[in-house]
Amino acid sequence: MAGLELLSDQGYRLDGRKATELRKVQARMGVFAQADGSAYLEQGNTKALAVVYGPHEVRGARSRSRHDRAMINCQYSMATFSTAERKRRPHGDRKSTEMSLHLKQTFEAAVMTQLYPRSQIDIFVKILQSDGGNYSVCVNAATLAMIDAGIPMRDYVCACTVGFVDETPLADLCYAEEGGGVSSLALALLPRGGQIALLQMDARLHQDHLEALMEAAMTACKGVSKVLDEVVRLHLQEVSVLSAE
Amino acid sequence: MKDTPLSNCERDFLLKAIEEKKRLDGRQTYDYRKMKITFGTDYGCCFVDLGKTRVMAQVSCELVAPKESRPNEGIMFFNIELSPMASPAFEQGRQSELSVKLNRQLERCLRNSKCIDTESLCVVSGEKVWQIRVDVHLLNHDGNLMDAASIAAITALCHFRRPDVGIQGDEVTVYSPEERDPIPLSIYHMPISVSFSFFQQGTYLLVDPCEREERVMDGLLMIAMNKHREICSIQSSGGIMLLKEQVMRCSKIASVKVSEITELLNKALVNDKKARKEGGRCGFAESLPQERITALKMEETSVEMTDATERAKDIVQKADARPQKVPSPVVPVPGVGQVGQGLQNTWGLEEDEDDEEEAEECDSGEEQEEAVTKMEEERHEKEASGEV
C-alpha cells in the first residue's frame with residue numbers, strides 16, 4: 001500500500017501510538033462456567049477467547065498418552081466473521097493447523113507437564129476479531145485461561161509481534177502494519193528468565209537488525225506480562241471477596 | 001506404519017557422544033553433510049542429495065486467472081509431498097503434523113520473502129497470469145528435510161524456464177519451446193534454510209542433524225537467509241526454551257553456511273548450463289553413480305586417531321594382569337554350578353533379595369551353557385551331514 005506511512009516523521013504510527021507503545025489490553029478471566037479455565041482478552045481491536053480443559057484422561061488414541069508427562073492439545077480457529085472478508089474455512093486449513101502446532105509448542109515449554117503423567121490438557125482458542133498480532137493475543141489469552149484453570153506453569157507466557165520499519169522496531173503490530181511487507185517477528189517469552197518459548201519471523205530483515213528487533217520484542221513482552229499480572233491479581237481479589245462471603 | 005521407537009541405550013549413546021562433541025558420521029558440530037545437486041532432463045527439475053537425504057523438486061507453470069485482490073501478480077504454489085517411499089513412518093494421503101510444518105515453513109521461506117518477481121508473471125492484468133507450482137517430493141528421509149527441500153525448491157526455480165508469451169493487441173500467443181526459447185524466471189534472491197538442533201535443554205547445538213540425531217533432539221531452530229545476509233524466516237519448533245544469545249550465534253553460523261551453499265548452487269547451475277549447451281546427457285539416470293567394480297578400492301573412512309597411541313598405552317598399563325588360569329566351577333549347593341563371579345546387579349533392588357538373585361543367576365547361567373553346547377552339537381551334526 002503505497003502512500004500509507006507506517007511511521008511518521010514525528011514518530012507516530014497509523015493509530016497514533018509511538019513506536020514502543022503497546023495497544024490497550026483488556027481482559028477478563030473465568031468467563032465460562034463449564035470449562036476448567038477460560039479467559040477473554042482484547043488487545044486493541046484483536047479479540048480472542050481462550051478455554052482450557054484439563055488435566056483429564058487422554059481421549060481418543062490411548063497410544064498418544066505419554067507415560068511421564070501430560071500432553072497438550074491445542075486448537076486454534078478463527079470465527080468466520082473475524083476478518084474483513086468472510087472466512088470460508090475456519091479450521092482445518094494449513095495456517096490454522098500451523099498456529100495450533102505453535103501454540104502447543106509454546107505451552108509444552110511453559111507448563112509443568114511432568115506433574116500430570118498420562119493425562120491431557122486441552123486449549124481451545126478462538127479469534128473473534130482479527131486486527132493483527134493473532135498469535136500473540138492467543139498466547140496471552142491462553143496464559144490467562146491456564147492460570148484460571150489452576151494448571152501450574154513455570155512463568156507467565158507473554159507474546160508480542162514486533163515489526164521493523166525505517167530502522168525502528170515497532171511493538172505490537174496491527175493488521176495494516178503487518179500487511180505492508182514489513183518484517184514481523186512474533187516472540188513468546190517467559191519474562192523472568194528471559195527464555196524464548198517460540199520465535200517466528202517472516203519477510204526479509206538484515207542480520208544486523210535482528211538483535212535490536214529481538215530486544216524490542218522482549219521489552220514489549222515484559223510490558224505485556226505486567227499487564228497480565230495486574231489482571232490476574234484483580235481477578236483473584238474479586239473472586240476471594242465473593243467466596244469469603 | 002508406525003516407526004520403530006528408538007531404544008534407550010541408543011538414545012543414551014547418541015546423547016553421550018554429543019556431549020563429547022562427537023557425531024555418528026564423524027562430522028564436526030557445524031559441518032554439513034556432503035551435498036550434491038543434479039538436474040533432470042526437463043527445465044525445472046532438480047535433485048538434491050544431503051548425505052543420504054534425497055529430495056526432488058519440479059517446477060511447472062500454467063496460465064490461470066489471477067486472485068481478485070491481486071490482479072496483476074502471478075501466483076506461487078508450493079507443495080511438499082511426504083511419500084511413504086521416504087520413510088516407513090510417512091503415511092499416504094494423511095496430512096500429518098510434519099507435513100503441515102514443512103509445507104508452511106517452505107511457503108513462508110519462499111513466498112513471504114518475495115524471492116520471485118510475481119509482477120513479471122502477469123500476462124494480461126486481471127485475466128491471465130502465470131501460476132508457478134513447485135512440487136517437492138521426498139525420496140529418502142535421513143534427517144534435515146527442511147534444508148534439503150528449500151535448496152531443491154530454490155534451485156529448481158532458478159533452473160526453470162517458462163514459455164515465452166507474445167501479446168498483439170488483444171491476442172495472446174503462448175510459444176512452444178520449439179518456436180521460441182523459453183525464458184527464466186526473475187529471481188531477486190535465493191533464500192536457503194539452515195537447521196540447528198538443540199540437545200539437553202539447549203546446552204548442545206548441532207547443524208544439519210541426521211535422522212538419528214533428530215530423534216533424540218529437544219528442539220529445532222530453522223533460519224532461512226540469503227547470501228546478502230538478510231534473514232528471510234526464523235522458526236523455532238519443539239518444546240525448547242532459547243536464549244537471545246543462542247539465536248544470535250545461530251544466525252551468525254547460518255550466514256556462513258548459506259554463502260557456502262549458494263556458491264555450490266550457482267556452480268551446479270553453471271555446470272548444467274554448460275552441459276546442456278554441449279549437448280551432453282543429463283537427467284536422473286545419469287546422476288546416479290555407476291556401480292562398476294573395476295578394482296577393489298574403498299573410500300577411506302576418517303577415524304579419529306589423535307591420541308589413539310597414548311590411550312592404548314594407558315589402557316594396557318592400567319589393565320590388570322590377565323588371570324593365568326581359568327577358574328574352575330564352584331559348587332555352592334549340590335546340583336548348581338557357578339563359574340566366575342557375576343557382575344553387580346544394577347536393578348536397584350533391596351539387599352535382602354541379592355542372595356536369591358545370585359542363586360537364580362547361577363541356575364540360568366547353567367541352563368544357558370547347556371543350551372549353547374546343544375546348539376554347537378547340532379551345528380556340527382548339520383555340517384557333517386551337509387558335507388556328505
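Residues numbered from 1 in each chain as written. Chains lettered and ligands numbered in written order. Predicted model: local features only at pLDDT ≥ 70, side-chain atom pairs only at ≥ 80, totals over all residues. Heavy atoms only, no water.

A.B. asks: I tried to follow the overall build of chain A on my own but got confused; where do I start?
C.D. replies: Along its length, chain A carries 4 helices and 9 strands. Listed N to C, the secondary structure of chain A is β-β-β-β-α-β-α-β-β-α-β-β-α in terms of helices and strands. Here the C-alpha radius of gyration of chain A, 18 Å, is about what a compact globule of 245 residues would show, namely 18 Å. For chain A, the spread of C-alpha atoms along the three principal axes comes to 55 × 45 × 40 Å. Burial analysis of chain A (245 residues in total) assigns 52% to the buried set. Counting only contacts in chain A whose residues sit at least 6 apart along the sequence, the fraction spanning at least 24 positions is 67%. Carbon and sulfur atoms make up 49% of the accessible area of chain A, which totals about 11400 Å². Averaging the locations of the 27 positively and 29 negatively charged side chains of chain A gives two centres separated by 8 Å. (Helix = DSSP H or I, 4+ residues; strand = E, 2+ residues; numbered from the N terminus. Rg over C-alpha atoms; globule rule 2.2 N^0.38 Å. Buried < 20%, exposed > 50% of the residue type's maximum accessible area, 1.4 Å probe, protein only. Contact = heavy atoms within 4.5 Å. Areas by Shrake-Rupley, 256 points an atom, 1.4 Å probe, with all protein chains shown as cover. Lys, Arg positive; Asp, Glu negative; His and termini not counted. Charge placed at Lys NZ, Arg CZ, Asp CG, Glu CD.)

A.B. asks: Would you explain the packing of helix α4 (residues 207-244) of chain A against helix α5 (residues 244-277) of chain B in this entry?
C.D. replies: For any two helices packed against each other, the geometry comes down to the angle between their axes and how far apart the axes lie. Two elements in contact, α4 of chain A and α5 of chain B, have axes separated by 11 Å at closest approach and are oriented at 160°. Relative to α5 of chain B, α4 of chain A is oriented roughly antiparallel. Our pair here, α4 of chain A against α5 of chain B, has a crossing hand that is right-handed. Taken together, the residues of α5 of chain B that come into contact with α4 of chain A (itself represented by Gln207, Leu210, Glu211, Met214, Glu215 and Met218 of chain A) are Lys244, Val247, Met248, Ser251, Lys252 and Ser255 of chain B. Split into classes, the residues belonging to the contact of α4 of chain A with α5 of chain B amount to 5 nonpolar, 3 polar and 4 charged. (Axes fitted to C-alpha atoms, helices over the stretch in contact; angles between N-to-C directions. Parallel < 35°, antiparallel > 145°, perpendicular 65-115°, else oblique. Left-handed = near helix turned anticlockwise from the far one by under 90°. Nonpolar A, V, L, I, M, F, W, Y, C, P; charged D, E, K, R; others polar.)

A.B. asks: So what exactly am I meant to see when it comes to the sheet that holds strand β7 (residues 168-171) of chain A here?
C.D. replies: What holds strands together in a sheet is hydrogen bonding between their backbones, with the strands either parallel or antiparallel. Read across the open sheet, the 8 strands follow the order β7(A)-β6(A)-β8(A)-β9(A)-β14(B)-β13(B)-β11(B)-β12(B); overall the sheet is antiparallel. The outermost strands of the open sheet, each flanked by one partner alone, are β7 of chain A together with β12 (204-207) of chain B. For this sheet the average axis-to-axis angle between neighbouring strands, irrespective of direction, equals 20°. Bridge count for strand β11 (residues 192-199) of chain B against strand β13 (residues 219-225) of chain B is 7 bridges, and the pairing is antiparallel. Opposite phenylalanine 198 of chain B, over in β13 of chain B, you have glycine 219 of chain B as the bridge partner. Against the sheet, helix α1 (residues 94-110) of chain A touches β8 (183-190) and β9 (195-206) of chain A together with β14 (230-238) of chain B, its axis set at about 140° to β9 of chain A. Its contacts with the sheet place α5 of chain B against β9 of chain A together with β11, β12, β13 and β14 of chain B, and it is angled at close to 140° to β11 of chain B. (Pairing = 2+ DSSP bridges.)

A.B. asks: Would you mind showing me how to read the UniProt feature "domain: Exoribonuclease phosphorolytic" (unreviewed entry) in chain B here?
C.D. replies: The residues that UniProt annotates with the feature "domain: Exoribonuclease phosphorolytic" (unreviewed entry) are residues 32-163 and 189-255 of chain B. Here residues 189-255 of chain B is 27% helix and 42% strand, with 14 Å between the C-alpha atoms at its ends. (UniProt positions renumbered as here; feature names shortened; annotations may be inferred.)

A.B. asks: Just checking my understanding: could you explain unusual backbone geometry for this structure?
C.D. replies: Comment: phi is negative for the bulk of residues other than glycine, and the bulk of peptide bonds are trans. Residue proline 55 of chain A is bonded to the preceding glycine 54 of chain A through a cis peptide linkage, with omega at -5°. The residue proline 55 of chain A is located in strand β3 (residues 46-57) in this model. At aspartate 208 of chain B, a residue that is not glycine, the phi angle is positive and equals roughly 55°. You can see aspartate 208 of chain B is positioned in the loop between β12 and α4 (211-216). Accessibility expressed as a relative area gives 0% for aspartate 208 of chain B, which makes it buried. Phi angles above zero are rare outside glycine, and arginine 229 of chain B is one such case at about 65°. Of note, arginine 229 of chain B is situated in the loop between β13 and β14. For arginine 229 of chain B, a relative accessible area of 35% translates into the label partly exposed.

A.B. asks: Explain the pattern of salt bridges to me, please; I cannot follow it from the model alone.
C.D. replies: Two side chains carrying opposite charge are able to pair once their charged atoms lie near each other. Evaluation of the coordinates by the stated rule reveals 32 salt bridges over all chains. Taking the shortest distance from any N to any O, the salt bridge between arginine 104 of chain B and glutamate 98 of chain A comes out at 2.7 Å. In this pair, arginine 104 of chain B sits in helix α2 (residues 97-110) while glutamate 98 of chain A sits in helix α1, so the two residues belong to two different chains. In this structure, arginine 104 of chain B and glutamate 98 of chain A share a single accessibility class: buried. Across the salt bridge formed by aspartate 202 of chain A and arginine 108 of chain B, the nearest N and O atoms sit 2.6 Å from each other. Of the two residues, aspartate 202 of chain A sits in strand β9 while arginine 108 of chain B sits in helix α2, which places them in two different chains. (Salt bridge = Lys/Arg side-chain N within 4 Å of Asp/Glu carboxyl O.)

A.B. asks: In this structure, what is going on with the environment of methionine 99 of chain A? I would like to understand it.
C.D. replies: All names here are of chain A. With respect to the helices and strands, methionine 99 occurs in helix α1. Along the chain, methionine 99 and leucine 190 lie 91 residues apart, while their C-alpha atoms are 19 Å from each other. In this structure, methionine 99 is in contact with Tyr76, Asn134 and Tyr135, ignoring residues within four places of it in sequence.

A.B. asks: Can you help me understand α1 of chain A in this one?
C.D. replies: For the α-helix, the turn length of 3.6 residues means that residues three or four positions removed from each other point alike. For α1 of chain A, spanning 17 residues, the distance from its first C-alpha to its last is 25 Å, which sits close to the expected 24 Å at 1.5 Å a residue. Inspection of α1 of chain A places Ser96, Glu98, Met99, Ser100, Leu101, His102, Leu103, Gln105, Thr106, Phe107, Ala109 and Ala110 of chain A among the buried residues, and these make up the whole buried set. (Expected span 1.5 Å × (residues − 1).)

A.B. asks: Explain the nonpolar core to me, please; I cannot follow it from the model alone.
C.D. replies: Across soluble globular proteins, nonpolar side chains have a tendency to be buried as a group. Counting residues in hydrophobic clusters, the biggest one holds 136 residues, and the most contacted among them are Phe107 of chain A together with Phe196 of chain B. Not counting residues up to four positions away in its chain, the partners in contact with phenylalanine 196 of chain B are Leu205, Leu206, Val207, Gly219, Leu220, Leu221, Ile223, Cys250, Ile253 and Ala254 of chain B. (Core = buried A, V, L, I, M, F, W, Y, C linked by side-chain atoms within 4.5 Å.)

A.B. asks: Hey, could you run me through the UniProt feature "domain: Exoribonuclease phosphorolytic" (unreviewed entry) in chain A in this one?
C.D. replies: If you check UniProt for "domain: Exoribonuclease phosphorolytic" (unreviewed entry), the listed places come out as residues 21-152 and 155-219 of chain A in our numbering. Span residues 155-219 of chain A is 28% helix and 49% strand, its end C-alpha atoms 16 Å apart.

A.B. asks: How should a positive patch on the surface be read in this particular structure?
C.D. replies: A contiguous patch of positive charge, built from Lys95 of chain A together with Lys67, Arg70 and Lys114 of chain B, is present on the exposed surface. Its location among the elements puts lysine 95 of chain A in helix α1. With relative accessibility at 52%, the residue lysine 95 of chain A sits in the exposed group. (Patch = residues over 30% accessible without salt bridge, like charges linked within 9 Å, V, L, I, M, F, W, Y side chains within 5 Å.)

A.B. asks: Just checking my understanding: could you explain the pairing of strand β5 (residues 119-129) of chain A for this structure?
C.D. replies: Regular strands place their side chains on alternate faces of the sheet. Residues and elements named next belong to chain A. Pairing of β3 with β5, which is carried by 9 bridges, proceeds in the antiparallel orientation. What sits directly across from alanine 48, in β5, is isoleucine 127. Taken together, the 8 bridges between strand β4 (residues 71-78) and β5 define a ladder with parallel strand orientation. Across the sheet, isoleucine 72 pairs through a bridge with isoleucine 121, a residue of β5.

A.B. asks: Got a minute to help me understand the interface of chain A and chain B in this structure?
C.D. replies: Accessible area lost on assembly of the parts is the figure often given for the size of an interface. Taken together, the 31 residues of chain A in the interface contact 36 residues of chain B. Between chain A and chain B the total buried area reaches about 3200 Å² when both faces are included, carbon and sulfur atoms providing 53% of it. At the boundary of chain A with chain B, the tally comes to 8 salt bridges. A salt bridge links glutamate 215 of chain A to lysine 244 of chain B; its shortest N-O distance comes to 2.7 Å. Where chain A touches chain B, the interface holds 18 residue pairs in polar contact (both at pLDDT 80 or more). Examining the composition of the side of chain A that touches chain B, we find that 12 residues originate from one element, β9 of chain A, more than from any other. Split into classes, the residues belonging to the side of chain A that touches chain B amount to 13 nonpolar, 9 polar and 9 charged. Examined bridge by bridge, β9 of chain A and β14 of chain B share 5 bridges and lie antiparallel to one another. In the strand pairing of β14 of chain B, aspartate 202 of chain A is matched with serine 233 of chain B. (Buried area = accessible area lost by both parts, 1.4 Å probe. Polar contact = N/O pair within 3.5 Å; in protein donor to acceptor, adjacent residues only side chain to side chain.)

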